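Coordinate analysis (summary)
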Amino acid sequence: MPFIPHTEKDTREMLDAIGAKSIEDLFDEIPAALRIDHLHHVPEAMSEMEISRLMRERAAQDGRPLCLIGAGAYEHHIPQAVWDIATRGEYYSAYTPYQAEASQGTLQTIYEYQTMITELTGLDVSNASLYDGASALAEAALMAVRVNRRVKTGLVLLAPGVNPVYEQVARAIAGTQGLTFERLPTDAASGNVDFDKLDASLNPVAVVMQQPTFPGTLEDVDRLTDWGHACGALVIGMANPTSLALLKPPGHWGAEGVDIACGEGQPLGVPLSSGGPYFGYMTCRQDHVRQMPGRIVGRTTDLDGNPGFALTLQAREQHIRRSKATSNICTNQGLMVTAATIYLSLLGFEGLALVARRSHANTTRLVEGLCAIDGIERLYQGPYFHEAALRLDRPVAPVLEALAARNILGGFDLSDYAGTDALLVCATETKTDADIDTCIAAFAEIMG
Amino acid sequence: MNELPGDLLYTSEHEWLRREDDGSVTVGITEHAASALGDLVYVELPEIGQDVETGGEMAVVESVKAASDVYAPVTGTVVEVNEDLSDDPEKINADPYGDGWIVRIELGDSLDEGELMTPDAYQELLDELDD
């Protein structure tokens, strides 16, 4: 049976009813120059057998390298139970189902997820997730404009440590909606915001900072949050959720805490998978909840007094409010969120803190070992969490190629970002001391 | 449905307005609009000092299953908003012409009553809607 249950007769009858000759006629108003009749580089459909074989062959190319690359996506151990449970039939869907309230289990899972994320970020309310960290930033910026109506500049100031890819995505999504994005000045020694050069007269609608920063440093988020509020801006804090087991949550940054927290949820039980699907999280203060995009699950009581879960505040959503919806381009990443909820449930707060501590200790071992090699030193001074930037005395790309030949992904080439030969390395809890020593020895040989 | 207050003017979008002694006008939504929306759970108010123009979006009233724009019936500047509605939006359901007022607007030009409906004209509109 075809997936689209229209017979040729159905189609004919519908076309006749509206006076169209063919389905093609329905697209007549799109100029021919803008239409493509076939997609380049997209092959014809393959059978299940063919596609399984293709994917096995592609997966084999990945191999099992030792991976020191982070830069926004992190390799963590995912307990076997996470995906065993998440892929059960009752859960295995990418979205909240239509007739959402009929799926109480799914709604309860999202509710638990929201509870955990609000606890981690120290804020009042969470949505049911967004696509990824990058689009979460774009949505947070658009949300800030709706909340902070007094400021008409549309100017969003980004701390230097905000992931440059997030900025690109935010520009692509929000740049056409009257928002401009500019970077705050950088202090070359620390890689962080240069507080002496901040210009409070810019009248930004929002100030965005990331902790830990893209190059792995720790920003003075308390001071920067207070500066943003003093400027009359809404403050958006992006944080790696694993780091929040050790670092101060965004809801407590500065005197008042950030207004919106968002970021990439992938470290919480989602595999690297060549870049996705991941999920973005977003939490905010209660006052701003009506401007928060996406779905929110609430806990309620039914007519018989039994507890139950329901989608709440739906009047913000596109199926009710159309053009005035808080977002028309977002959805939750239901399956990824299910995995994250199970991951956090299995680890608990102490387990997450162990992951965070172990990752920090491993990165420290790696960084100290590498910096003992001639030609490698820290790019920025100061503390780091589980990722740090190194300056090399030579171009980075050939070094990474030589490491790859030894089955080591030696880090993220930071040279474009830093404007100098630089490498960003990360060793999560998945690495043993022996792994780290192997990597250090390989660097030493190549650099020698 | 209760009888329409006779001292108000109305719009076809179901807003009402009252001329105050100082020349400003107070604006709300009619009982018909409030009961059609159902129990209101939220009102998004404009900023004080915001300029509005006739027919432009001015506020949003939200019930459990719908959100609806409230349009400015006149051109002018918002000089007061009913802050009580932030905590008690259901005041609009309970007392749409009294405690449920939404904004007070200082007129930009003199009031053009020709653009607005008398109670009788608005009642006729409601009767038509009932049919």
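The rules we used
- Residues numbered from 1 in each chain as written.
- Chains lettered and ligands numbered in written order.
- Predicted model: local features only at pLDDT ≥ 70, side-chain atom pairs only at ≥ 80, totals over all residues.
- Helix = DSSP H or I, 4+ residues; strand = E, 2+ residues; numbered from the N terminus.
- Rg over C-alpha atoms; globule rule 2.2 N^0.38 Å.
- Buried ≥ 20, exposed ≤ 12 C-beta atoms within 10 Å, placed from the backbone.
- Contact = placed C-beta atoms within 7 Å.
- Pairing = 2+ DSSP bridges.
- Expected span 1.5 Å × (residues − 1).
- Axes fitted to C-alpha atoms, helices over the stretch in contact; angles between N-to-C directions.
- Bend = angle between axes of the 7 residues up to and from the residue.
- Parallel < 35°, antiparallel > 145°, perpendicular 65-115°, else oblique.
- Left-handed = near helix turned anticlockwise from the far one by under 90°.
- Nonpolar A, V, L, I, M, F, W, Y, C, P; charged D, E, K, R; others polar.
- Domains from an automatic or database assignment.

**What about the overall build of chain B?**
- Assigned secondary structure in chain B consists of four helices and nine strands.
- Along its sequence from the N terminus, chain B presents helices and strands in the succession β-β-β-α-β-β-β-β-β-α-α-β-α.
- Computed over C-alpha atoms, the radius of gyration of chain B comes to 14 Å, within 12% of the 14 Å expected from 2.2 N^0.38 for 131 residues, which places it in the range of a compact globule.
- Structurally, chain B occupies a C-alpha span of about 35 × 35 × 25 Å along its principal axes.
- Sorting the 131 residues of chain B into buried and exposed places 40% on the buried side.

**Section: the environment of Glu44(B)**
Residues and elements named next belong to chain B.
- Within the element layout of this structure, glutamate 44 appears in strand β4 (residues 40-44).
- A tally of 21 C-beta atoms within 10 Å means that glutamate 44 is categorised as buried.
- Every residue in contact with glutamate 44, bar those within four places of it in the chain, is listed here: Ala59 and Val60.

**A look at the sheet that holds strand β1 (residues 9-10) of chain B**
Residue and element names in this part refer to chain B.
- Here we have six strands laid out as an open sheet, ordered β1-β2-β3-β9-β8-β5, and antiparallel in their pairing. Edge strands, defined here as strands with exactly one partner in the open sheet, are β1 and β5 (51-52).
- Alignment of β5 against strand β8 (residues 76-81), held across two bridges, turns out to be antiparallel. What sits directly across from aspartate 51, in β8, is threonine 77.

**So, unusual backbone geometry**
Residues and elements named next belong to chain A.
- The peptide bond linking glutamine 211 to proline 212 adopts the cis configuration, its omega dihedral lying at -10°.
- Locating proline 212 in the fold gives a position in the loop between β5 (206-211) and α7 (221-230).
- The residue after glycine 276, namely proline 277, is reached through a cis peptide bond having omega 0°.
- Tracing the backbone shows proline 277 in the loop between β7 (260-264) and β8 (280-284).
- Its identity as a non-glycine residue notwithstanding, serine 129 has a phi of 105°, on the positive side.

**Examining the pairing of β8(B)**
- As judged from the five bridges shared by β8(B) and strand β9 (residues 103-107) of chain B, these two strands associate in the antiparallel manner. When the bridges of β9(B) are listed, Thr77(B) appears paired with Glu106(B).

**Details of helix α4 (residues 119-130) of chain B**
- Spanning 12 residues, α4(B) covers 16 Å between terminal C-alpha atoms, matching the ideal 16 Å at 1.5 Å per step.
- Within α4(B), only one of the 12 residues are buried, which leaves it mostly out in the open.

**With respect to the sheet that holds strand β6 (residues 57-63) of chain B**
Residues and elements named next belong to chain B.
- Ordered in space as β4-β6-β7, the three strands form an open sheet in which the pairing is antiparallel. On the outer flanks of this sheet lie β4 and β7 (67-71), each paired with one strand and no other. Strand-to-strand twist across the sheet, computed as the mean angle between neighbouring axes with direction ignored, equals 25°.

**A closer look at helix α9 (residues 334-371) of chain A**
- With 38 residues, α9(A) should reach 56 Å at 1.5 Å per residue; the first-to-last C-alpha distance of 42 Å falls well below that figure.
- Approximately 95° is the largest bend angle found in α9(A), and it occurs at Gly348(A).

**Considering the packing of helix α4 (residues 104-121) of chain A against α9(A)**
Residues and elements named next belong to chain A.
- Contact geometry for α4 and α9: axes closest at 9 Å, N-to-C directions at 60°. Taken as axis vectors, α4 and α9 run oblique relative to one another. Along this stretch, α4 crosses α9, giving a crossing that reads as left-handed. Only Val337, Thr338, Ala340, Thr341 and Leu344 of α9 make contact with α4, whose side of the interface consists of Thr109, Ile110, Glu112, Tyr113 and Met116.
- By residue class, the composition of the contact of α4 with α9 is six nonpolar, three polar and one charged.

**Topic: the domain arrangement of chain A**
Residues and elements named next belong to chain A.
- Each assigned domain of chain A is listed with its residue range as follows: domain 1 (66-74 + 348-447) and domain 2 (80-342).
- Taken over C-alpha atoms, the centre of domain 1 sits 28 Å from the centre of domain 2.
- Contacts between domain 1 and domain 2 engage 23 residues on the former and 21 residues on the latter.
- Where the side of domain 1 that touches domain 2 is concerned, the elements lending two or more residues are α9, β12 (387-392) and α11 (415-418).
- A total of seven residues in the side of domain 1 that touches domain 2 trace back to one element, the largest contributor, which is α9.

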